[in-house]
Amino acid sequence: MSRHRNIRNLEEDDYYDDYDYDDEDDYYLEQQREKERKAKIEAERKAKVNQAKQLQQKPKQVKTPQQQSTNQQKKASTTKLGMVTGGNKGISIAVPTDSTKKTSLGQSLNNPSYAQTKAINNSNNNNSNSNSPPELPAHVLAKLRSLSATPSDSTAQTLRSHLSLVILGHVDAGKSTLTGRLLLSLNHVSSRLLQKYQRESATIGKTSFALAWFTDEDDAERERGVTVDVGTKFIRTEKFDFTVLDAPGHRDFVPNMISGAAGADCGLLVVAATTGEFEAGFAAANCGEAGAASVGGQTREHVILSRGLGVSQLIVAVNKLDAAEPPWEEGRFEHIKSQVLAFLLENGFKEKRIQFVPVSGLTGVNVSNEKRKETEEEGWKLLRKWYKGPTLIEALNAFVPAKREFEKPLRLIVTDVSSEGKMVTVRGRIVQGFLRAGDGVTVLPVGDDACAIRVERGKATKESDSPYSSVGSRGNGQSTSAEMDLNDIAELRNCALAGDTVECGLSGIDAARVSPGCVICHPQQLVRPRIERKFEARVMVMEYLAVPIIRGSQVLFHMHSIDVPAVLNRLMTSKKRGEANARSNPRVLTGGVEATVEITLSERLVLEEYSECKSLGRFVLRRGGDTIAIGLIEKVLDT
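Owing to the predicted nature of the structure, the values given are computational and were not obtained by experimental measurement.

A. Spotlight on the nonpolar core. Within the largest apolar cluster, 79 residues are counted, with the highest numbers of intra-cluster contacts made by Leu-165, Phe-242, Leu-268, Val-316, Val-340, Leu-344 and Phe-399. Discounting chain neighbours no more than four positions away, the residues touching Val-340 are Leu-269, Phe-278, Phe-282, Val-316 and Phe-356. Ile-413, Leu-545, Leu-589 and Leu-601 belong to the second largest nonpolar core, which has 36 residues in total.

Dropping the structure here:
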């Protein structure tokens, strides 16, 4: 399991005490001096290269017939000594036979014109590599698009689609238990391991938590019975490979939930159907003293955050219907469906991308289509009296493949780092572009170069195997004959693509220089994202906001796996939902408005406009432990 974050104190107000946003500490001053020093060295090198190029490009003098005749006589009196390689070309060194004009081999190699020529050749080779980032050929991109389309039938050749699925919902809704049931139903964990967990959980009085232990692997989480960090697992259904991100439901760990939702394509919203539990989890928030929703369930906040962070497809699993009064009642299911559906439509989800499925994660009813259980369990009989829809696994297969941006520059967001000898292992998700084993890369914002000597894509395997498999491997024969592997395309061998969760081994870099939240890209300057502190953004303010947002408001800025203090130093425009015209330079931002603002961060981060990279252009603003706004970066500003 990969862990995205560490447990920390969530009192964000401590970040802002005595902080002066106009001053930079010594670290950033040193970083700026180092940047200036490197720029000076680079400028001197380019000047020398340009000077040498001018010497090479100097027009040759036209020789007269008499001069040509003289040169031919000189060539006849020389002896060819050998060949010396300079750059990519062979250089012949001619040694005159006249004793008064003899030149040693060492003198020839030390000749300024020869050294200059070799430097020019090497420089030209390096510049050609640095100015030409890796690209996929047009015919390969076209083939990827056609193979990544929605599978039509079992005989059509397709490239198996990979989706990231985040598990959402209020605390104690049964998210981890349902995830464990999915793993068990798809044979990605063994029944023997479940029996072991049942015995161990019984010793601490938490027998019903055995299935949740498949994702909650930390001892503290198992003792408390609460998910703290985002747990990562891999499952494979008939049509998709899923990276499952089990996000925490407790309001104290919303920052961890943000890191999970930021890397997801689709969501599984788990709602408890028991009397009182649904109402508590779906309760509307009230205005708290901190200036945001401080009372209420997390179901609503998870829905708003997930939609703002890019989740567009959703399955609503109405869980624990077997514990409702009466059990498996159609009326209770329809009541929950009507309330949740209305809220989802209000927050930007499309009805055709929403599915409702009644399930029981504890007993497994309607998780998978296991016919043998229909005659053994009363729950199946009661459910089939009125429900004719899909099982949970069938609903997962009904997702639409996500559109991937293979042709854009590489962006790999790091979520976990470990060190093995001289190799640094990073885990994360490629949000756009592609990465080959052997590619040179740069780790931002530190700017250190490295080499990706190993690239492995995460995929579902048997319980005894690693969750990661070497790029191009078929993985335990789980692919059908109609499915195409990346290794079958010559240009994509040893390659991972946008949308893949990967484990990458880096060489040539110190482990202390890489941390969760870093962005890995190709080293060419033209394809690197910017590292800045200031940007303009379009934000949507949360509905329940007691204390308005004013100029100079201090907030906590969340983007994928990082969070830093920030200040809203300009309020540029604002308008209420549905209004056509925006007001310029508003004094305050109240709940439910859309606004354009200028934000300054406490440190430089990797930022990109939303139009260039969606994952590096989405963010969340929080204050006092509550979410106050979600937004998109429209313009990155120079600082």
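Picking up where we left off.
B. Looking closely at helix α12 (residues 330-346). In a regular helix each residue adds 1.5 Å, so 17 residues correspond to 24 Å; α12 covers 25 Å between its end C-alpha atoms and thus fits that length. Buried residues of α12: Arg-332, Phe-333, Ile-336, Val-340, Leu-341, Phe-343 and Leu-344, and no others. Along α12, the residues classed as buried sweep out an arc of 165° about the axis, all on the same side. Buried residues in α12 make contact with β7 (266-272), α10 (277-281), α11 (298-308), β10 (313-319) and β11 (354-358). Just beyond α12, the residue with positive phi is Gly-348, at close to 100°.

C. Structural context of helix α6 (residues 175-185). With 10 of 11 residues buried, α6 lies mostly within the body of the structure. Along α6, the residues classified as buried are Lys-175, Ser-176, Thr-177, Leu-178, Thr-179, Gly-180, Arg-181, Leu-182, Leu-183 and Leu-184.

D. The environment of Phe-349, seen in detail. Mapping Phe-349 onto the fold places it in the loop between α12 and β11. Its relative accessible area of 3% is what places Phe-349 among the buried residues.

E. Summary view of the pattern of salt bridges. The tally for this structure, following the rule as stated, stands at 21 salt bridges. Arg-457 is the salt-bridge partner of Asp-500, the closest N and O atoms lying 3.8 Å from each other. In this pair, Asp-500 is assigned in the loop between β19 (495-497) and β20 (501-507) and Arg-457 in strand β16 (residues 448-458), connecting sequence segments 43 residues apart. Assigned by exposure class, Asp-500 and Arg-457 land together as buried. Put simply, Glu-598 and Arg-570 hold a salt bridge, and the shortest N to O gap is 3.5 Å. Of this pair, Glu-598 sits in strand β28 (residues 593-607) while Arg-570 sits in strand β25 (residues 562-576); the two residues are 28 residues apart in sequence, bridging distant segments of the chain. The exposure class assigned to Glu-598 is buried, which follows from its relative accessible area of 7%.

F. Structural view of unusual backbone geometry. With omega at -10°, the peptide bond leading from Glu-325 into Pro-326 counts as cis. Along the chain, the position of Pro-326 falls in the loop between β10 and α12. Leu-444 connects to Pro-445 through a cis peptide bond whose omega is 10°. Tracing the backbone shows Pro-445 in the loop between β15 (440-444) and β16. The phi angle at Asp-172 is positive, at roughly 70°, despite the residue not being glycine. Take Asp-172: it is sitting in the loop between β4 (161-168) and α6. A positive phi angle, close to 40°, is found at His-560, a residue other than glycine. Looking at where His-560 falls in the secondary structure, it is placed in the loop between β24 (553-559) and β25.

About the cut-offs
- Residues numbered from 1 in each chain as written.
- Predicted model: local features only at pLDDT ≥ 70, side-chain atom pairs only at ≥ 80, totals over all residues.
- Heavy atoms only, no water.
- Core = buried A, V, L, I, M, F, W, Y, C linked by side-chain atoms within 4.5 Å.
- Buried < 20%, exposed > 50% of the residue type's maximum accessible area, 1.4 Å probe, protein only.
- Contact = heavy atoms within 4.5 Å.
- Helix = DSSP H or I, 4+ residues; strand = E, 2+ residues; numbered from the N terminus.
- Expected span 1.5 Å × (residues − 1).
- Arc of directions from axis to C-beta.
- Salt bridge = Lys/Arg side-chain N within 4 Å of Asp/Glu carboxyl O.

Nothing here speaks to function; it is geometry throughout.
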